[in-house]
Amino acid sequence: MHQQTFLNQLREITGINDIQVLQQALKDSNGNLELAVAFLTAKNAKVPQLEEATYYQTALPGNDRYISVGSQADTNVIDLTGDDKDDLQRAIALSLEESNRAFRETGITDEEQAISRVLEASIAENKASLKRTHPEVWSDSPNPYDRKRQDNCPVGLKNVGNTCWFSAVIQSLFNLLEFRRLVLNFNPPANAQDLPRNQKEHRNLPFMRELRYLFALLVGSKRKYVDPSRAVEILKDAFKSNDSQQQDVSEFTHKLLDWLEDAFQIKAEEERDGEKSKNPMVELFYGRFLAVGVLEGKKFENTEMFGQYPLQVNGFKDLHECLEAAMIEGEIESLHSENSAKSGQEHWFTELPPVLTFELSRFEFNQALGRPEKIHNKLEFPPILYLDRYMHKNREITRIKRDEIKRLKEYLTVLQQRLERYLSYGSGPKRFPLVDVLQYALEFASSKPVCTSPVDDLGASAPTSSTLPAQTPASTIEQQGPSSSDVPSTSPVQRSVIHKPFTQSRIPPDLPMHPAPRHITEEELSVLEGCLHRWRTEVENDTRDLQESISRIHRTIELMYSDKTMVQVPYRLHAVLVHEGQANAGHYWAYIYDHHQNRWMKYNDISVTKSTWEELERDSFGGYRNASAYCLMYINDKEQYLIQEEFNKETGQILVGMDTLPSDLRDYVKEDNKRFEKELEEWDAELAQKAQQEKLLSQIPRAPAPSPAPVQAGEPEYLEQPSRTDISKHLKEDSVQAINKALAEQEDRGPEALMDTAIKLEYTRLLKLAQEDPPPECDYRLRHAIVYFIQNQAPKKIIERTLLEQFGDHNLSFDERCRNIMKVAQAKLEMIKPDEVNMEEYERWHQDYRNFRETTMFLMVGLEFFQKKSYMEALLYLIYAYQNNKELLSKGPYRGHDEELISHYRRECLLKLNEHAAALFESGDDQEVNNGLIIMNELIVPCLPLLLVDEMEEKDIVAVEDMRNRWCSYLGQEMEPNLQEKLTDFLPKLLDCSTEIKGFNDPPKLPSYSTHELCERYARIMLSLSRTPADGR
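Residues numbered from 1 in each chain as written. Predicted model: local features only at pLDDT ≥ 70, side-chain atom pairs only at ≥ 80, totals over all residues. Heavy atoms only, no water.

This part covers the overall build of the chain. From N to C terminus, the chain includes 32 helices and 18 strands. By residue count, 47% of the 1033 residues in the chain fall in the buried class. When contacts within the chain are restricted to residue pairs at least 6 apart in sequence, those whose partners lie at least 24 apart make up 74%. For the chain, the accessible area works out to roughly 53400 Å², and carbon and sulfur atoms hold 51% of it. (Helix = DSSP H or I, 4+ residues; strand = E, 2+ residues; numbered from the N terminus. Buried < 20%, exposed > 50% of the residue type's maximum accessible area, 1.4 Å probe, protein only. Contact = heavy atoms within 4.5 Å. Areas by Shrake-Rupley, 256 points an atom, 1.4 Å probe, with all protein chains shown as cover.)

Right, let's get into unusual backbone geometry. Phi is positive for asparagine 598, close to 55°, though the residue is something other than glycine. By the element assignment, asparagine 598 lies in the loop between strand E14 (585-594) and strand E15 (599-604). Residue classification places asparagine 598 among the exposed residues on the basis of a relative accessible area of 55%. The residue lysine 869 is not glycine, and still its phi comes out positive at about 65°. Summarising the element assignment, lysine 869 is placed in the loop between helix H26 (839-867) and helix H27 (871-889). Judged by relative accessible area, lysine 869 falls into the exposed class, the value being 63%.

In this section: the packing of helix H29 (residues 926-948) against helix H31 (residues 977-991). Following both chains from N to C, one finds H29 and H31 inclined at 5°, their axes separated by 10 Å at the closest point. Here H29 is positioned roughly parallel relative to H31, judged by the angle of their axes. Every residue of H31 that contacts H29 at Asp926, Val929, Asn930, Leu933, Met936, Asn937, Val941 and Leu944 is listed here: Asn978, Leu979, Lys982, Phe986, Lys989 and Leu990. Across the contact of H29 with H31, the residue classes tally to 8 nonpolar, 3 polar and 3 charged. (Axes fitted to C-alpha atoms, helices over the stretch in contact; angles between N-to-C directions. Parallel < 35°, antiparallel > 145°, perpendicular 65-115°, else oblique. Nonpolar A, V, L, I, M, F, W, Y, C, P; charged D, E, K, R; others polar.)

The next subject is a negative patch on the surface. On the surface, a cluster of negative charge is contributed by Glu538, Asp542, Asp545 and Glu548. Examined against the element boundaries, glutamate 538 turns out to sit in helix H18 (residues 522-558). The class for glutamate 538 is partly exposed, based on a relative accessible area of 40%. (Patch = residues over 30% accessible without salt bridge, like charges linked within 9 Å, V, L, I, M, F, W, Y side chains within 5 Å. Salt bridge = Lys/Arg side-chain N within 4 Å of Asp/Glu carboxyl O. Lys, Arg positive; Asp, Glu negative; His and termini not counted. Charge placed at Lys NZ, Arg CZ, Asp CG, Glu CD.)

The full count for this structure, using the stated rule, is 33 aromatic pairs. Aromatic pair phenylalanine 789 and tryptophan 845: ring centres 5.7 Å apart, planes at 80°, arrangement edge-to-face. Pair noted here: phenylalanine 789 is in helix H23 (residues 785-791) and tryptophan 845 is in helix H26, with a separation of 56 residues, a long-range link. Ring centres of phenylalanine 789 and tyrosine 849 lie 6.4 Å apart, and the angle between their planes is 70°; this geometry places the pair in the edge-to-face category. Placement of the pair is phenylalanine 789 in helix H23 and tyrosine 849 in helix H26, with a sequence separation of 60 residues. (Phe/Tyr/Trp six-rings, centres within 6.5 Å; stacked < 30°, edge-to-face > 60°.)

Here we come to the layout of surface pockets. Reported here for the second largest pocket is a volume of approximately 1300 Å³. Forming the boundary of the second largest pocket are 36 residues, of which Glu324, Arg389, Ile405, Lys409 and Ile557 lie nearest the centre. Put simply, the parts of the chain that give the lining of the second largest pocket at least two residues each are helix H12 (319-327), strand E12 (384-386), helix H13 (395-423) and H18. Examining the composition of the lining of the second largest pocket, we find that 7 residues originate from one element, H13, more than from any other. Considered class by class, the residues forming the lining of the second largest pocket number 17 nonpolar, 4 polar and 15 charged. (1 Å grid on protein atoms, 1.4 Å probe; cavity = no way out; pocket = protein on both sides within 12 Å on 5 of 7 lines; lining within 4 Å. Points joined across faces, edges and corners; volume = space filled by probe spheres on them.)

As recorded in UniProt, the feature "coiled-coil region" (unreviewed entry) lies at residues 666-693. Secondary structure over residues 666-693 splits into 100% helix and 0% strand, and the C-alpha atoms at its two ends are 40 Å apart. (UniProt positions renumbered as here; feature names shortened; annotations may be inferred.)

Here we take up the pattern of salt bridges. Between side chains of opposite charge, a pair can form when the charged atoms approach closely. Applying the stated criterion to the full structure yields 41 salt bridges. We note a salt bridge from glutamate 380 to lysine 378, for which the minimum N-O separation is 3.6 Å. Assessed through its relative accessible area of 38%, glutamate 380 is described here as partly exposed. Overall, the relative accessible area of 46% leaves lysine 378 in the partly exposed class. Residue arginine 907 is joined to aspartate 956 by a salt bridge in which the shortest nitrogen-to-oxygen separation is 2.6 Å. Taken together, the residues span a long stretch of sequence, with arginine 907 in helix H28 (residues 899-923) and aspartate 956 in helix H30 (residues 954-968) at a distance of 49 residues. Grouping residues by exposure puts arginine 907 and aspartate 956 together as buried. Residues participating in the shared-partner salt-bridge network are Glu346, Arg395, Glu396 and Arg399.

Time to look at the nonpolar core. One finds Phe789, Phe807 and Trp967 to be the most contacted residues of the largest nonpolar core, which totals 95 residues. Among the elements that line this core, the one with the most residues is H29, at 12 residues. Other than its neighbours up to four places away in sequence, phenylalanine 807 contacts Ser735, Ala738, Ile739, Ala758, Ile759, Glu762, Leu812, Ile821, Met822 and Ala825. The next biggest cluster of nonpolar side chains, apart from the first, holds 61 residues, and it includes Ala216, Ala263, Ala575 and Leu577. (Core = buried A, V, L, I, M, F, W, Y, C linked by side-chain atoms within 4.5 Å.)

The next thing to look at is H29. Residue pairs three or four apart in sequence face the same way in an α-helix, which turns once every 3.6 residues. Along its 23 residues, H29 runs 31 Å from first to last C-alpha, staying within 8% of the 33 Å computed at 1.5 Å per residue. Residue isoleucine 940 marks the point of greatest curvature in H29, where the axis turns by about 35°; the proline proline 942 follows within four residues. In this structure aspartate 925 caps H29, since a side-chain oxygen of it lies 3.2 Å from the backbone nitrogen of glutamine 927. (Expected span 1.5 Å × (residues − 1). Bend = angle between axes of the 7 residues up to and from the residue. Polar contact = N/O pair within 3.5 Å; in protein donor to acceptor, adjacent residues only side chain to side chain.)

A cluster of nonpolar side chains, Phe647, Ile654 and Val656, forms an exposed patch at the surface whose accessible area comes to about 290 Å². The residue isoleucine 654 is located in the loop between strand E17 (627-636) and helix H20 (663-699) in this model. Using a relative accessible area of 46% as the deciding quantity, one classes isoleucine 654 as partly exposed.

What follows covers helix H7 (residues 177-184). The buried fraction of H7 amounts to 8 of the 8 residues, a majority that puts the element mostly inside the structure. Buried residues of H7: Leu177, Glu178, Phe179, Arg180, Arg181, Leu182, Val183 and Leu184, and no others.

Now for the confidence of the model for the chain. In the predicted model, the chain carries a mean pLDDT of 75, and the fraction of residues at 70 or more is 69%. Across the chain, E12 holds the top mean pLDDT of 95, while strand E1 (residues 138-139) sits lowest at 38. In the model, residues 43-140 has pLDDT below 50 throughout and makes 213 contacts with residues more than four positions away in sequence or in other chains. Across residues 1029-1033, confidence stays below pLDDT 50; counting only partners more than four residues off in sequence or on other chains, it has 10 contacts. (pLDDT = per-residue confidence, 0-100.)

One can find leucine 804 in helix H24 (residues 796-807). Along the chain, leucine 804 and alanine 825 lie 21 residues apart, while their C-alpha atoms are 5.5 Å from each other.

Counting buried positions over the 10 residues of E17 gives 10, a clear majority of the element. Bridge analysis of strand E9 (residues 355-361) against E17 gives 5 bridges, and the strand direction is antiparallel. For phenylalanine 358, the partnering residue across the bridge sits in E17 and is leucine 632. Where strand E13 (residues 570-582) and E17 come together, 9 bridges link them in antiparallel fashion. Following the sheet pairing, alanine 575 is matched in E17 by methionine 633. (Pairing = 2+ DSSP bridges.)

The next subject is the environment of isoleucine 397. Summarising the element assignment, isoleucine 397 is placed in helix H13. Along the chain, isoleucine 397 and threonine 565 lie 168 residues apart, while their C-alpha atoms are 9.8 Å from each other. Contact partners of isoleucine 397, with chain neighbours within four places excluded, come to Thr565 and Met566.

To continue, consider the environment of tyrosine 145. By the secondary structure assignment, tyrosine 145 is in the loop between E1 and strand E2 (156-157). Since its relative accessible area comes to 32%, tyrosine 145 is described here as partly exposed. In contact with tyrosine 145, other than residues within four places in its own chain, are Gln150, Leu680, Trp683 and Asp684. At 2.6 Å, the side chain of tyrosine 145 and the side chain of aspartate 684 are in polar contact.

Turning our eyes to something else, we now look at the packing of helix H14 (residues 434-446) against H18. The contact between H14 and H18 brings their axes to 9 Å, and the two run at 165°. Taken together, the axes of H14 and H18 are roughly antiparallel relative to one another. Handedness of the crossing formed by H14 with H18: left-handed. Along the contact surface, H14 presents Leu434, Val435, Leu438, Gln439, Ala441, Leu442, Ala445 and Ser446, while H18 presents Leu525, Leu528, Glu529, Leu532, His533, Trp535, Arg536, Val539 and Glu540. (Left-handed = near helix turned anticlockwise from the far one by under 90°.)

Here it is as structure tokens:
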């Protein structure tokens, strides 16, 4: 974009009006707006010296970041910024001479060296993370099947240390099929043995090789995600620096395309055969615009090349408003008049690139804090963008429409001001809609007239001096002992004393509900009501007419460019790069449109998931939370080759997957897939070996237990937990009670009949418990598995066998009658055929019940720790309680506990730990700061995906935002350099929006509880919760 644009932006951001200072800062920063802002706002800012100017890659005084940097850029420049053209030209010449000297020696520009610092910082962060030895709450699963690609799901990219920006950009470009083909089919120059001629070429060609390999893996890998470290390493190895900073997506995109352009240029020059070479990168990503305008009465016209097109966000509501502001600068009226000395310019696209990228400038410099701040304002953008109104060929009709829109907006402003007078009527600080004011006046006039003032009315019913001393205030009457008002009486005067307006809601029957006029005749009331009715109707009609007129004008403006001639240049949204966080820290991910499946996909490092336009709107438009679009990539909707699949020239069939790869890349991917398949085979072999060992161990005969009452082999495992006979003893008491009741009813019956009666009585008792609606502290499912089974509609055969095993337990052998019933039950168990009861299903039901009891213990222990304010310990138990409970509830609503309850206390633990960690950080003490960051890194950060994975849990999402905002708020505060460094290192981890949940380490150990203890402790903790209800539940 023209230099004047950036001068205006610098003036707006920094508040500096000295044009020479602004020009020099822009020159010294090589056109980088953010660096220019940093120069101008530094505490010891000074005008950069001429010899410090950096290399300009073109003769344009514009911005290298947005204007083409290749050999094809225009050089016919009209200077509009300086008073002395000779001085400015000499400055540019000196700058070029100095920079070209350095470039000839190294082939590297100063800006490229700055980029290298970021890449090196990313690699250093990755290596540092590998050295960390702190125990993590989550760890990567060693199971390679967790890293296996599912069907044809897109492949993700591993974040190798603050490289989410790399993943977002690379995935956006990879899913542009024409770009993918250009990279995959790139062939090094034939005379590659003569290269590299300088360090720049030494970087470009190896990088292209690694990018080809990376793209090939994204096409055909069997892995869920692949590692881009080698490509990043090459970028890092090209330069040497020790600085560290957060990379900028738009900056990286520009430099990446610049490097690719250089690589393709080498090949293009080799193949041109005397003709002008065409660079496919330039053809794909670069366009041209015409700048026409007037400077101090002199007209000018200039054609410029652009890549990424920058747009300001602040003050605009949608993308078209941003574009309109970017295309028009200054007093554009002067462009159409012959005798005006005003300055202004218009930009008109003369040639649009097939891939059009907009960079949304979402930052502004805070002068008070001396640092940039992110703009979170909402900015809407459409899935289809029509660019006809910005084309040079449509400039005449666009100017007419702009004039018409300007006229309509002026008229709209007048109408809105008039409407505001109706909607906010009055001259005082409080204003009300006029129609309501008239309605209130009408209600007042229509109220039943009263003859006395409200004060006189109360005085008439006050106590007389004979019953109440005149000097005794009414307020003291209620504070005294027994008084006349407390004594039963029929006196109406005494009853009136009892009325307590501040403690009693009853209104005396003789008190009017509303104020009313005291003196009004029927004639006056009739006239007034008629006037008020008429005025109210007139106001309603006027308001409605104004609102309808405003709506019509809005609609007219919206449809101004909808005629057929202005919808001929459609661009479809291809990718949205999103940033969450603040100006100097955050996380990037991308939404990319799958043009063949007609759906949006979310690319968040290793996680690739289906998405929707609604989710994209929420995360990208801004205004909802700290996430917003940072870069928009549109493609020409009429250029189908951009997204078209390849076809086999002989068969005409679509080429997919590995068939789209050149032979060398196909071999490369096959080798990598073989290595991954070997990893899967080794894992399978390891599991098979473990299974075989367990099988052999199970076949070894075991010595009989010394106990005189060994546990039956077929008894469910949970009956042995936490001690071998605990639950059996508990069930023994229930069984004996049922047997005694059966004996009382049928004492002379045989053992089989007694057992049948006892089982029926026991089942009836358990059925009643299952059907009751007990208070939260009484969970009958903990008392018996049958209650759990009944509530969850277990098959009848499962319940019958469970009851038989209860009465066949060896603990019933303490007397003759019980022993006989036990033998009958055991005999019936042996008679059950394999096809009558599915033992796998039987075991699954009992395993679920064991999981339910375990989940209960996790929950109970976690809540006990929470009440003791031991939030670290509580968090781990509650995390496992929530995860286990979620799995149970996925099978049925009565399989687990109240999910909202567990979610609430898990969330509260995180919030309290976050506050504690923040307080430690604020202390400034090195040890306490480190302790606070350990809490964040090892407890809170790994748990955030658990809260973000379910987007229906609004409270969890809000809690995550609260925690992030607490730490982001430190960005605007003064602090020691070491604290700032730690904060900068920590924030990207906190702001990472990945919902990829890693595997659990071993869960915390549970104490041993008998069934009676478990029920008692559970009731105690639930009762204590009901006495102290938690906020938000």
